[in-house]
Amino acid sequence: MTSLPYSLEQLFVDQDPDLVADTIAPVLAWVPGRSKKKRSPPYVFPLEHTAAGHTTAHALELTWDRAKLAQRVPGLVAHVRRLRSARSAQREHVTELAAYGLSFVAISLLMPGRRVMTYNRGMAPDLLFDTTPNELRGVETAGRATGGRRALTLIRDGSAGDPGKRPQLLVRTDIAEVSLSLWCGSARTGIMEQVKP
Amino acid sequence: MSLGLYEKQRQMAGGLKMRATAGLADGRSEHVFEACVLFHEAARVEQRAVGLIDAAPAETRLAALIEACACYVDGLDPPMAGQVWAQIVRERERVDAEVATSMLSRLEPRYERSHRAYAKLLSKLVFIRPGPGGSLVPPHARDRRGAAREVAEVTDSYPGAAIWWWAAYRIAEASGRNMHAWYALRRAHRLEPDNARFEAVSLLAATWALAPAAADEHLAGYRGRLDGTAPEVCLMYALGEVRLARDGPPQGRVERWERALQAARAGLAQHPGGTTRKNLRATELLIQSYLDDEKPTLELLYLAGLADVAVRARPTDDIADLVTTSAKEAA
């Protein structure tokens, strides 16, 4: 298993700060989880990466410098505290944004030089490198709070009555290139898989 | 094909959507409303972006509609989401069925859930009857209280629905709850800044909802730039100045009347049709009578084509109030 260390503040260099900024607090709120045992950095995500038909096992070791992040994201500390503790905070959106943040990390590590230029809300892929009509290139993301690797494979492959993300992406003739980036908070794990071409 | 401009617009929309999602994650009502505003702006940008591409492929046009609709669903505006969904239903026919189904696989269940929940809420309304032939403002005060409660329930669940903030404004205004009316109107306008009706009505509403200095500041934002502005905006600006002239100190009146006259004529210069033209003409005649130091009479309503207003008038009715009410009812 290859170790892949990454410090979160590097995202402001590797990706568009305007897209990254809103994912930082959710990552800080979501990744440490609730268990006291695994709440200190580095936060290790076993990451299965498949590209060009070849699968590699990595260990994403995520850290961050809170002070540096707070300089880039005003109000960060209070925001993280709120997302972790406030009853009105919407958990599903925190998970969603944290998954985008982790996807930005994985893209920066595994696809060096690729920059996400925009974000889709209504359809896959979520994160786009290229919006050229009928030649879309990007990464489809999903996050789950629990369920481990099994939860992520269900997202990818589907189950009874749910076709799964991979088959849905394969029929899309408007997409030239797409990968799946799937994350689980407990047990921490990730899947990054090239689906097309 | 302006691909560079298209990419820039898509980039802008992406940033708006990400910020909006963060607002939803926060969960507090003010942050959720701001998220709705951002989603509405993103929807407009997405729909503008696709217009920049010459002969955009059907998949790209469908994708733009999907993004816009998703923004309205997540922006808690079911009526607008429904309007875009109607376009999706037509546009998907031009795309390969399997591809269209896959493109819609995320949005379709979300749209249907949103639509069902919204329809369920509307089915419980007693005092408000939305839709064609329906009534926004009940004629009796006791029913207006019930209507206000129902509308508040809808805007609590769907703070992104500008049409419901408009309903809240109409009911509050009819009930004399000026500050609440102003608040609701501003919410509607923030969600749909291009809506000429909301913009126009705010110019008149400011004069009775805000302190005179604040109302004057609101109108001041439009001074010197009314040429080419929507006739409705010119009309309400003019009536706003007339009202501030009436309620304010005598020394500023002539200046206000002159600005109001200019605005009414700017509106008429655009040759609007129907009731807007009649209301602008009545406003012009009203202001001219003030400037000529003559008492306005019902005759100006007849001259302007507002005989239906004139025949209902009582001898003690103020002509300026009649013209203003006519303009408000037409808004």
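Refer to the structure above for everything that follows.
Residues numbered from 1 in each chain as written. Chains lettered and ligands numbered in written order. Predicted model: local features only at pLDDT ≥ 70, side-chain atom pairs only at ≥ 80, totals over all residues. Heavy atoms only, no water.

S.K.: Can you help me understand the overall build of chain B in this one?
M.R.: Counting its regular elements, chain B contains 17 helices and zero strands. With the C-alpha coordinates aligned to their principal axes, the bounding extent of chain B is approximately 70 × 50 × 35 Å. For chain B, the residues scored as buried account for 53% of the 331 residues in total. When the accessible surface of chain B is split by element, carbon and sulfur atoms take 51% of a total near 15,200 Å². Positive and negative side-chain charges of chain B, numbering 43 and 43 respectively, have mean locations separated by a distance of 4 Å. (Helix = DSSP H or I, 4+ residues; strand = E, 2+ residues; numbered from the N terminus. Buried < 20%, exposed > 50% of the residue type's maximum accessible area, 1.4 Å probe, protein only. Areas by Shrake-Rupley, 256 points an atom, 1.4 Å probe, with all protein chains shown as cover. Lys, Arg positive; Asp, Glu negative; His and termini not counted. Charge placed at Lys NZ, Arg CZ, Asp CG, Glu CD.)

S.K.: In this structure, what is going on with the pairing of strand E6 (residues 136–146) of chain A? I would like to understand it.
M.R.: Regular strands have side chains that alternate between both faces of the sheet. Residues and elements named next belong to chain A. In this sheet, E6 lies alongside strand E5 (residues 127–130) in antiparallel orientation, the contact comprising three bridges. Its bridge partner lying in E6, Leu127 is registered against Val139. The loop that links E5 with its antiparallel partner E6 comprises five residues; one of these, Asn134, has a positive phi angle of about 65°. Strand direction decides the pairing type here: E6 and strand E7 (residues 175–186), joined by 10 bridges, are parallel. Within E7, the residue paired with Glu140 across the bridge is Leu180. (Pairing = 2+ DSSP bridges.)

S.K.: What am I meant to see in the interface of chain A and chain B here?
M.R.: Reports often express the size of an interface as the amount of accessible area lost when the parts come together. Taken together, the 36 residues of chain A in the interface contact 35 residues of chain B. If you sort the residues of chain A by the area they bury against chain B, A:Arg121, A:Met123 and A:Pro133 come out on top, with a joint share of 21%. A salt bridge links A:Arg121 to B:Asp74, with the nearest nitrogen and oxygen atoms 2.6 Å apart. Linking chain A to chain B there are 18 residue pairs in polar contact (both at pLDDT 80 or more). Breaking the side of chain A that touches chain B down by element, the ones donating at least two residues are helix H2 (17–30), helix H4 (76–85), helix H5 (91–110), strand E4 (118–119) and helix H7 (165–170) of chain A. (Contact = heavy atoms within 4.5 Å. Buried area = accessible area lost by both parts, 1.4 Å probe. Salt bridge = Lys/Arg side-chain N within 4 Å of Asp/Glu carboxyl O. Polar contact = N/O pair within 3.5 Å; in protein donor to acceptor, adjacent residues only side chain to side chain.)

S.K.: How do you make sense of helix H10 (residues 196–209) of chain B when you look at a structure like this?
M.R.: Given 3.6 residues per turn, any residue in an α-helix points the same way as the ones three and four places further on. Residue and element names in this part refer to chain B. The end-to-end C-alpha distance of H10, which contains 14 residues, comes to 19 Å, matching closely the 20 Å that a straight helix rising 1.5 Å per residue would cover. Bending of H10 peaks at approximately 35° at the position of Leu203. Counting buried residues in H10 gives 12 out of 14 residues, a clear majority hidden from the surface. Within H10, the full set of buried residues consists of Phe198, Glu199, Ala200, Val201, Ser202, Leu203, Leu204, Ala205, Ala206, Thr207, Trp208 and Ala209. A distance of 3.0 Å separates the backbone nitrogen of Arg197 from a side-chain oxygen at the start of H10, and that oxygen is part of Asn195. (Expected span 1.5 Å × (residues − 1). Bend = angle between axes of the 7 residues up to and from the residue.)

S.K.: So what exactly am I meant to see when it comes to unusual backbone geometry here?
M.R.: With the exception of glycine, the majority of residues adopt a negative phi angle, and the majority of peptide bonds are in the trans configuration. Residue A:Pro125 follows A:Ala124 across a cis peptide bond; omega there is -10°. If you trace the backbone, A:Pro125 turns up in the loop between E4 and E5. Backbone torsion omega between A:Ser186 and A:Ala187 reads 0°, so that peptide bond is classified as cis. Assignment of secondary structure puts A:Ala187 in the loop between E7 and strand E8 (188–196). One non-glycine residue, A:Asn134, adopts positive backbone phi at about 65°. Within the secondary structure, A:Asn134 sits in the loop between E5 and E6. Backbone geometry at B:Ala55 places phi at a positive 50°, although glycine is not the residue there. Mapped onto the elements, B:Ala55 comes out in the loop between helix H2 (29–50) and helix H3 (58–74). Residue classification places B:Ala55 among the exposed positions, given a relative accessible area of 74%.

S.K.: Where do I start with the pairing of strand E3 (residues 54–63) of chain A in this structure?
M.R.: Residues and elements named next belong to chain A. Bridge count for strand E1 (residues 2–7) against E3 is six bridges, and the pairing is parallel. Considered in E3, the bridge of Pro5 is made with Glu61. Sheet topology places strand E2 (residues 43–51) next to E3; nine bridges connect them, and they run antiparallel. The partner of Pro46 across the bridge, within E3, is Ala59. Adjacent in sequence and paired antiparallel, E2 and E3 are bridged by two residues, among which Ala52 carries a positive phi angle near 50°.

S.K.: When you look at the packing of helix H7 (residues 141–157) of chain B against helix H8 (residues 162–174) of chain B in this model, what are you seeing that I'm missing?
M.R.: Packed helix pairs are characterised by how far apart their axes lie and by the angle those axes make with each other. Residue and element names in this part refer to chain B. Packing of H7 against H8 brings their axes to within 9 Å, and their N-to-C directions diverge by 155°. As the angle between them shows, H7 and H8 are arranged roughly antiparallel. The handedness of the crossing between H7 and H8 is left-handed. Between H7, through Arg144, Ala147, Ala148, Val151, Val154 and Thr155, and H8, the contact on the second element is made entirely by Trp164, Trp165, Ala167, Ala168, Ile171 and Ala174. When the residues that make up the contact of H7 with H8 are grouped by side-chain class, the tally is 10 nonpolar, one polar and one charged. (Axes fitted to C-alpha atoms, helices over the stretch in contact; angles between N-to-C directions. Parallel < 35°, antiparallel > 145°, perpendicular 65-115°, else oblique. Left-handed = near helix turned anticlockwise from the far one by under 90°. Nonpolar A, V, L, I, M, F, W, Y, C, P; charged D, E, K, R; others polar.)

S.K.: Would you mind going over the nonpolar core with me for this structure?
M.R.: Across soluble globular proteins, nonpolar side chains have a tendency to be buried as a group. Counting 123 residues, the largest nonpolar core has B:Cys69, B:Ile88, B:Leu107, B:Trp164, B:Tyr169 and B:Leu301 as the members making the most contacts within it. The element best represented in this core is H3(B), accounting for 11 residues. The residues contacting B:Leu107, other than those within four sequence positions of it, are A:Gly122, B:Ile66, B:Cys69, B:Ala70, B:Val73, B:Trp85 and B:Ile88. Core analysis: the second largest hydrophobic core is formed by 48 residues, A:Tyr6, A:Leu83, A:Ala89 and A:Phe104 among them. (Core = buried A, V, L, I, M, F, W, Y, C linked by side-chain atoms within 4.5 Å.)

S.K.: How should I be thinking about the sheet that holds E1(A) in this particular structure?
M.R.: Think of a sheet as strands paired side by side through backbone hydrogen bonds, with each pair either parallel or antiparallel. All names here are of chain A. Taken together, eight strands build an open sheet; the order of strands is E1-E3-E2-E8-E7-E6-E5-E4 and the sheet is mixed. At either end of the open sheet lies a strand with only one pairing partner, and these are E1 and E4. Sitting on the sheet, H2 is in contact with E3, E4, E6 and E7, with an inclination near 30° to E7. Of the strands in this sheet, E2, E6, E7 and E8 are in contact with helix H6 (residues 148–157), which crosses E8 at around 25°.

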